[in-house]
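# Coordinate inspection notes
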Amino acid sequence: QVQLVESGGGLVQPGGSLRLSCAGSGTIFSLYVMGWYRQAPGKQRELVAAITSGGSTNYADSVKGRFTISRGNAKNMVYLQMNSLKPEDTAVYYCNAHREHGLSDYDYWGQGTQVTVSS
């Protein structure tokens, strides 16, 4: 069974930093686009950052220049370095693995980790 497990969330003051980690198991994650999404109560889930197997990245405008997505040497690991955090970054952050293979699409999600930015 494919699993994604996030960690690293918590309470941080505005201007602070956190690094989220995503550990995957059960499939070959080098075949997937990996991404971080977030969802605040009452809001839609939004893409924060994504990274391909080749290392190409994409960021939401709201986090560009502050957040960095990366893959570990072990391809089952994905990270999100979050700097200069703002209260509006408060949300549950989810790790996602996406693959399009022939006529089949694969989408896997972690359980989420809470990030709270507050004084």
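Report follows, based on the coordinates. Since the model is a prediction, treat every value here as computed from it, not as a measurement. (Residues numbered from 1 in each chain as written. Predicted model: local features only at pLDDT ≥ 70, side-chain atom pairs only at ≥ 80, totals over all residues. Heavy atoms only, no water.)

### Here's the deal with the pattern of salt bridges
Using the following cut-off: The working definition used for a salt bridge is a side-chain nitrogen of Lys or Arg within 4 Å of a carboxyl oxygen of Asp or Glu. Partly exposed describes any residue whose relative accessible area lies between the buried limit of under 20% and the exposed limit of over 50%, with all areas from a 1.4 Å probe on protein chains only and scaled to the type maximum. Secondary structure counts use DSSP, requiring at least four H or I residues in a row for a helix and at least two E residues in a row for a strand, with both numbered from the N terminus.
This model, assessed by the stated rule, comprises 3 salt bridges. With its nearest N and O atoms 2.7 Å apart, the salt bridge here joins Glu 46 to Arg 38. Here Arg 38 falls in the buried class, since its relative accessible area comes to 6%. Measuring nitrogen to oxygen at the nearest pair gives 2.8 Å for the salt bridge that ties Asp 89 to Arg 66. One end of the pair, Asp 89, is in the loop between strand E8 (77-82) and strand E9 (91-101); the other, Arg 66, is in the loop between strand E6 (57-59) and strand E7 (67-71), and 23 residues separate them in sequence. No difference in accessibility class separates Asp 89 from Arg 66, as the two residues are buried. In this structure, a network of salt bridges that share partners links the residues Arg 38, Glu 46, Arg 66 and Asp 89.

### Observations regarding the pairing of strand E3 (residues 18-25)
Inclusion rule: DSSP calls a pair of strands paired once it identifies at least 2 bridges connecting them.
Bridge count for strand E1 (residues 3-7) against E3 is 5 bridges, and the pairing is antiparallel. In the strand pairing of E3, Val 5 is matched with Ala 23. Pairing between E3 and E8: 6 bridges, direction antiparallel. The residue of E8 that forms the bridge with Leu 18 is Met 82.

### Quick word on the nonpolar core
We apply this condition: As used here, the term nonpolar core means buried Ala, Val, Leu, Ile, Met, Phe, Trp, Tyr and Cys residues forming a set that is joined through side-chain atoms within 4.5 Å. By the convention used here, residues are in contact when the closest approach between their heavy atoms is within 4.5 Å.
The biggest cluster of nonpolar side chains holds 29 residues, and the ones touching the most others in it are Met 34, Trp 36, Leu 80, Met 82 and Tyr 93. Contributions of two or more residues to this core are made by E3, strand E4 (33-39), strand E5 (46-51), E7, E8, E9 and strand E11 (113-117). At 4 residues, E9 tops the list of elements feeding residues into this core. When neighbours within four sequence positions are excluded, Met 82 is seen to be in contact with Gly 16, Ser 17, Leu 18, Leu 20, Arg 66, Phe 67, Tyr 93 and Val 115.

### Describing the environment of Tyr 37
One can find Tyr 37 in strand E4. Put simply, Tyr 37 and Arg 19 are 18 residues apart on the chain and 14 Å apart in space, counted from C-alpha to C-alpha. Apart from the residues lying within four places of it in its own chain, the contact partners of Tyr 37 are Arg 45, Glu 46, Leu 47, Val 48, Val 92, Tyr 93, Tyr 94, Asn 96 and Trp 109.

Keep in mind these values describe shape, not function.
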